[in-house]
Amino acid sequence: MSRKATTRNANGSGTIRQRKDGIWEARFTVGIDPGTGKQIRKSVYGKTQKEVRQKMTAAQTEVDKGVYIEPSKLTVGKWLDIWLDEYTNSIKENTRVTYRTQIDTHIRPNLGAIRLSELQPIHVQSMMNKLMRDPNKALAPKTLKNIKGVLHKSMTQAVLLKYIPSNPCMGVQLPQVQKKDIRPLDEEQINAFLAAIKGNPYEMILKVDLFTGMRQGEIMGLTWDRIDFKAGTILVDRQMIHEKQKGGKYKFAPTKTDQIRKLRPMPSVMRLLQLHKKAQAQQRLAAGASWIVEDGLENLVFTDMSGR
């Protein structure tokens, strides 16, 4: 059975039809011409009815928010904001935070003002070369690869929406990544490190980290219920992340690789943690009402003197 050539949105603000050449077209209202008083209508196109309906719905949402911009006038910076807000909801929150940081720190300052439709591979290549050669803050090859990866993903979505004909990241060359041998600290270096942090406010967390190898987010998000003193184990099943775009709040999130690990540190490390737990209990008692437990971050192993 053939589909209807024309359908209308429930709110009457847009229509969808299939043209004679087989392409689907959605037309919708984006505003009123102040000179004539007539509706300003725009079109989006796609190979299927579902595709154009999604495009139209996304555009109408932007119209309602007052942020709609014609694709031909979109800048790279504006498109990156739209992509991050609307097309990355299926990834982990801490990954989105990383994407935002890479966009705001590296991509936007170099490419943000260029119109999306005018972005070329040479623009991307020039940015990557600049980031690689900056004598003051040259980035590691892996970081450059990650930055390009974020831009590539956003441009792939723009291609799918037919905002641009091809991905401008294609053909961009990056420096070859050379893996460095991991060299754990030797006994002399460990002793020097322990001597250097002695008496430091962060001495305990640094010691535990040194002998467990936990990632920064993992040890920051460690809670007492993850430590089994009887079995001598530490469960690592989450990390703490900083949501810079949501008021600077901290929250728990899955580990970087989604893997759950059970560590079995040396008995001396478990004794350190037992001593630290007693010391923290005394700090909390002394602080009284001044001890602050941040919402959603109860039972943290490592805090400051006021519980944060």
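Everything numeric here is computed off the predicted structure, so don't read it as measured data. (Residues numbered from 1 in each chain as written. Predicted model: local features only at pLDDT ≥ 70, side-chain atom pairs only at ≥ 80, totals over all residues. Heavy atoms only, no water.)

1. Description of helix α3 (residues 93-111)
Then comes step 1: Within α3, the axis deviates most sharply at Ile103, by approximately 40 degrees.
Then comes step 2: Among the residues of α3, Asn94, Arg96, Val97, Tyr99, Arg100, Gln102, Ile103, His106, Ile107 and Leu111 are the ones counted as buried. (Bend = angle between axes of the 7 residues up to and from the residue. Helix = DSSP H or I, 4+ residues; strand = E, 2+ residues; numbered from the N terminus. Buried < 20%, exposed > 50% of the residue type's maximum accessible area, 1.4 Å probe, protein only.)

2. Considering the nonpolar core
Then comes step 1: Core analysis: the largest hydrophobic core is formed by 27 residues, its most contacted members being Trp79, Ile107, Leu111, Val124, Met127, Leu151 and Met155.
Then comes step 2: Those residues in contact with Leu151 that sit more than four places away from it in its chain are Leu80, Ile107, Leu111, Val124, Met127 and Cys169.
Then comes step 3: Judged by nonpolar contacts, the second largest core, of 15 residues, contains Ile205, Met270, Val301 and Phe302. (Core = buried A, V, L, I, M, F, W, Y, C linked by side-chain atoms within 4.5 Å. Contact = heavy atoms within 4.5 Å.)

3. A closer look at the pairing of strand β6 (residues 233-236)
Then comes step 1: With two bridges joining them, strand β5 (residues 227-228) and β6 adopt antiparallel strand pairing. Considered in β6, the bridge of Ile227 is made with Ile234.
Then comes step 2: Between the end of β5 and the start of β6, which pair antiparallel, lie four residues, with Gly232 showing a positive phi angle near 70 degrees.
Then comes step 3: With three bridges joining them, β6 and strand β9 (residues 261-263) adopt antiparallel strand pairing. Paired with Val236 across the strands is Arg261, a residue of β9. (Pairing = 2+ DSSP bridges.)

4. Considering empty space enclosed by the protein
Then comes step 1: According to the stated counting rule, one finds one cavity of 30 Å³ or more in the structure shown.
Then comes step 2: Taken as a whole, the largest cavity spans an internal volume of roughly 40 Å³.
Then comes step 3: The wall of the largest cavity is formed by Met214, Glu218, Gly221, Leu222, Thr223, Arg226, Leu235, Val236, Asp237 and Arg238.
Then comes step 4: Taken together, the residues of the lining of the largest cavity sort by class into four nonpolar, two polar and four charged. (1 Å grid on protein atoms, 1.4 Å probe; cavity = no way out; pocket = protein on both sides within 12 Å on 5 of 7 lines; lining within 4 Å. Points joined across faces, edges and corners; volume = space filled by probe spheres on them. Nonpolar A, V, L, I, M, F, W, Y, C, P; charged D, E, K, R; others polar.)

5. Focus: the sheet that holds β6
Then comes step 1: Taken in spatial order, the three strands make up an open sheet running β5-β6-β9, and their pairing is antiparallel. Every other strand in the sheet has two partners, leaving β5 and β9 as the edge strands with one partner each.

6. With respect to the layout of surface pockets
Then comes step 1: Of the voids in this model, the largest pocket is the one considered here, and its volume is about 920 Å³.
Then comes step 2: Asn94, Thr95, Thr98, Gln239 and Lys256 are, among the 25 residues lining the largest pocket, the residues nearest its centre.
Then comes step 3: Those elements giving two or more residues to the lining of the largest pocket turn out to be α3, α5 (141-160), α8 (216-220) and β7 (239-243).
Then comes step 4: Sorting elements by how many residues they give to the lining of the largest pocket places α3 first, with seven residues.

By themselves, these observations are geometric and do not establish any function.
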